[in-house]
Amino acid sequence: MNESIPPLTRGEARSVKKRTRTFRPNYLSFAGTYQCNLACPHCCVPIEWTDRLDVPSAVRFLEQAHAAGIETLGFTGGEPFLYPEFLNTLTKRAATLGFKFDKLMTNGVWHRDAAHATVVLSALRDAGFSGKIGLSVDKFHGMDIAKLAEFCHVTRAVFARDTILSLSYASREPDKGLEPIRRLADALGGVVEWSKLLGRYLLVSDDLTMTACWNHLATVERAEGLPGNPWDGVWFVEDYCEGPGQALIVNPKGEVKPCCGFASDLDQLTIGNIHTDSVEDIIGFARNHPIVGTIFRDGLTALRDEILGRDPSALPGATSNHCFFCWYVLTRGLAAGANGGGGKAGAWTTTQPNYTGELIQLGLRGD
Ligand code: SF4
Ligand code: SF4
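Residues numbered from 1 in each chain as written. Chains lettered and ligands numbered in written order. Predicted model: local features only at pLDDT ≥ 70, side-chain atom pairs only at ≥ 80, totals over all residues.

When helices and strands are counted, the protein chain shows nine helices and twelve strands. Out of the 367 residues belonging to the protein chain, those deemed buried represent 49%. Summarising the internal contacts of the protein chain: among those between residues at least 6 apart in sequence, 70% fall at separations of at least 24. (Helix = DSSP H or I, 4+ residues; strand = E, 2+ residues; numbered from the N terminus. Buried ≥ 20, exposed ≤ 12 C-beta atoms within 10 Å, placed from the backbone. Contact = placed C-beta atoms within 7 Å.)

A few words now on the site of ligand 2. Cys241, Cys259, Gly261, Cys323 and Cys326 are the nearest of the 13 residues found near ligand 2. Here the element with the most residues in the shell around ligand 2 is helix H9 (residues 322-331); it accounts for three residues. Of the residues that constitute the shell around ligand 2, the class distribution is nine nonpolar, four polar and no charged. (Near = placed C-beta within 6 Å. Nonpolar A, V, L, I, M, F, W, Y, C, P; charged D, E, K, R; others polar.)

The biggest cluster of nonpolar side chains holds 100 residues, and the ones touching the most others in it are Leu167, Ile181, Ala212, Val250, Trp327 and Leu330. The element best represented in this core is H9, accounting for eight residues. (Core = buried A, V, L, I, M, F, W, Y, C linked by C-beta atoms within 7 Å.)

What follows deals with the packing of helix H3 (residues 114-127) against helix H4 (residues 145-159). Two elements in contact, H3 and H4, have axes separated by 9 Å at closest approach and are oriented at 40°. With respect to each other, H3 and H4 are oriented oblique. Note on packing geometry: the crossing formed by H3 with H4 is right-handed. Each of Ala114, Ala117, Thr118, Leu121, Ser122 and Arg125 in H3 lies in contact with H4, whose residues at this interface are Glu150, Phe151, Val154, Thr155, Val158 and Phe159. Along the lines of polarity and charge, the residues of the contact of H3 with H4 split into seven nonpolar, three polar and two charged. (Axes fitted to C-alpha atoms, helices over the stretch in contact; angles between N-to-C directions. Parallel < 35°, antiparallel > 145°, perpendicular 65-115°, else oblique. Left-handed = near helix turned anticlockwise from the far one by under 90°.)

This part takes up the packing of helix H2 (residues 84-97) against H3. Axis separation between H2 and H3 bottoms out at 8 Å; the angle between their running directions is 20°. Relative to H3, the element H2 lies roughly parallel. The crossing of H2 and H3 is right-handed. Between H2, through Pro84, Leu87, Asn88, Thr91, Lys92 and Ala95, and H3, the contact on the second element is made entirely by Val120, Ala123, Leu124 and Ala127.

Here the focus is the environment of Pro180. Following the sequence through the fold, Pro180 ends up in helix H5 (residues 179-188). On a C-alpha basis, the gap between Pro180 and Asp144 in space is 9.7 Å, while along the polypeptide they are 36 residues apart. Excluding residues that lie within four positions of it along the chain, Pro180 makes contacts with Val137, Asp138, Lys139 and Met143.

Under the 1.5 Å per step criterion, the end-to-end length of H4 is 21 Å for 15 residues, consistent within 8% with the ideal 21 Å. All of the buried residues along H4 are Leu148, Ala149, Phe151, Cys152, Val154, Thr155 and Val158. Where H4 is buried, its residues contact H3, strand E4 (132-136), strand E5 (165-171) and H5. Two residues or fewer after H4 comes Ala160, characterised by a positive phi angle close to 50°. (Expected span 1.5 Å × (residues − 1).)

For the rest of this paragraph, the subject is the sheet that holds strand E7 (residues 200-204). Taking strand neighbours across the sheet as the criterion, the ten strands line up as E6-E7-E8-E5-E4-E3-E2-E1-E9-E10 in an open arrangement whose pairing is mixed. Of all strands in the sheet, those with a lone pairing partner are strand E6 (191-195) and strand E10 (256-257), marking the two edges. Note: E5 against strand E8 (residues 209-216), five bridges, orientation parallel. If you follow Leu167 over to E8, its bridge partner there is Ala212. Its contacts with the sheet put H5 on E5, E6, E7 and E8, and the angle it makes with E6 is roughly 125°. (Pairing = 2+ DSSP bridges.)

Further remarks concern H2. Helix length check: H2 (14 residues) gives 20 Å between terminal C-alpha atoms against 20 Å at 1.5 Å per residue, within 8%. Turning to H2, its buried residues number three or more, namely Phe86, Leu87, Leu90, Thr91, Arg93 and Ala94. On its buried face, H2 is in contact with strand E1 (27-31), helix H1 (55-67), strand E2 (72-76) and H3. One or two positions beyond H2, positive phi appears at Gly98, with a value near 90°.

The residue Glu242 is located in the loop between E8 and strand E9 (247-250) in this model. Counting along the chain gives 54 residues from Glu242 to Phe296, while the straight-line C-alpha distance between them is 7.8 Å.

Looking along a regular strand, one sees the side chains alternate between the two faces of the sheet. Of all eight residues in E8, six are buried; the element is thus mostly enclosed. In this structure, E7 lies alongside E8, joined through three bridges in antiparallel fashion. Directly across from Val204, in E8, lies its bridge partner Thr209. In sequence, E7 turns back onto E8 through a hairpin of four residues.

Our next topic: the pairing of E9. Alternating residues of E9 divide into Ala247 and Ile249 and Leu248 and Val250, and every residue in both groups is buried. The sheet contact formed by E1 and E9 spans four bridges and is parallel. When the sheet's bridge partners are listed, Leu28 is paired in E9 with Leu248. In this sheet, E10 lies alongside E9 in antiparallel orientation, the contact comprising two bridges. Opposite Ile249, over in E10, you have Lys257 as the bridge partner.

Before going further, it helps to examine unusual backbone geometry. Trans is the prevailing form of peptide bonds, just as negative phi is the prevailing case for residues other than glycine. Of note, the bond from Gly77 into Gly78 is cis; its omega dihedral lies within 30 degrees of zero at 20°. Among the secondary structure elements, Gly78 is positioned in the loop between E2 and H2. Phi is positive for Cys241, close to 55°, though the residue is something other than glycine. Mapped onto the secondary structure, Cys241 falls in the loop between E8 and E9.

Remember, this is a structural readout, not a statement about activity or role.
Here's what the structure looks like:
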């Protein structure tokens, strides 16, 4: 449910009233639909599923989150613009409640033509959306650059802000995978520059300034077969998942996840459901959750250390990719307290013991 380009990025600063080592979400995001007009090779979203989040349940949860002190709202998918009535109603209520809007992630090529995009974006603006439209632009999205440039022009015109758009790209390193962004810059008559101040790339044209947010590509699910070894021999830097985490991310089934990381679609990272649980219940459950509670209290390194302490050969090596590590140990049931499963799009066909010593075989391809 992370649109495969998470709206939140490691290292992105979000205001935190009190930095306590526990799960204390400060961000809410809805994926109203899984469906998408694209089918990217690295996508983690089950885009063929037809579930949609019903608007009244989402509004009720939004109001509860507001009462619990959560002040920032984002949208992801699937492709969120395929369910505009959801976006507009939630935006209107959130604006009334005083929410700060974060990104609405889109592929930017869902529209029929400029007139269609103008109508849909104008309705969102009129509902009170004051965040950014986050565009996923990388080689996996197989972009129609001319259509994407059209979307940028329309968005700039409708919102009348030169910072209305931002970019996200997934690759193995921050300075790799920028080619589609450079092609978009050409189409917009702009340039791509490194900003020392921001520590990231910018696309700058006469009337647009877009920051480019990098996401460490995790070769999971549909991306499992991509070339390159994710066990790159370097251990990830502990960050307690503060960047992509400390969030309540609601998927179209109503399930709530604590982050938008690449492993968050796994059932092992579900911390409740908005149809049956309150925000308060969900936060309490997350804190006591064997995986989620540990990650936000003791860190992802605590999971790693527990696994290696039990069996020094349990892992194939070290990886610098947090979410790949998370997905690997959760699908294989290696972390104490969570059985394996999921990752069925992958090609893992070996048998090995999970954390209880039980031999499991997971991740078989359906084809
Ligand atoms: S744009 Fe691509 S990555 Fe995003 S939801 Fe659609 S298919 Fe998945
Ligand atoms: S490492 Fe796991 S918990 Fe952390 S952001 Fe990634 S998927 Fe979420």
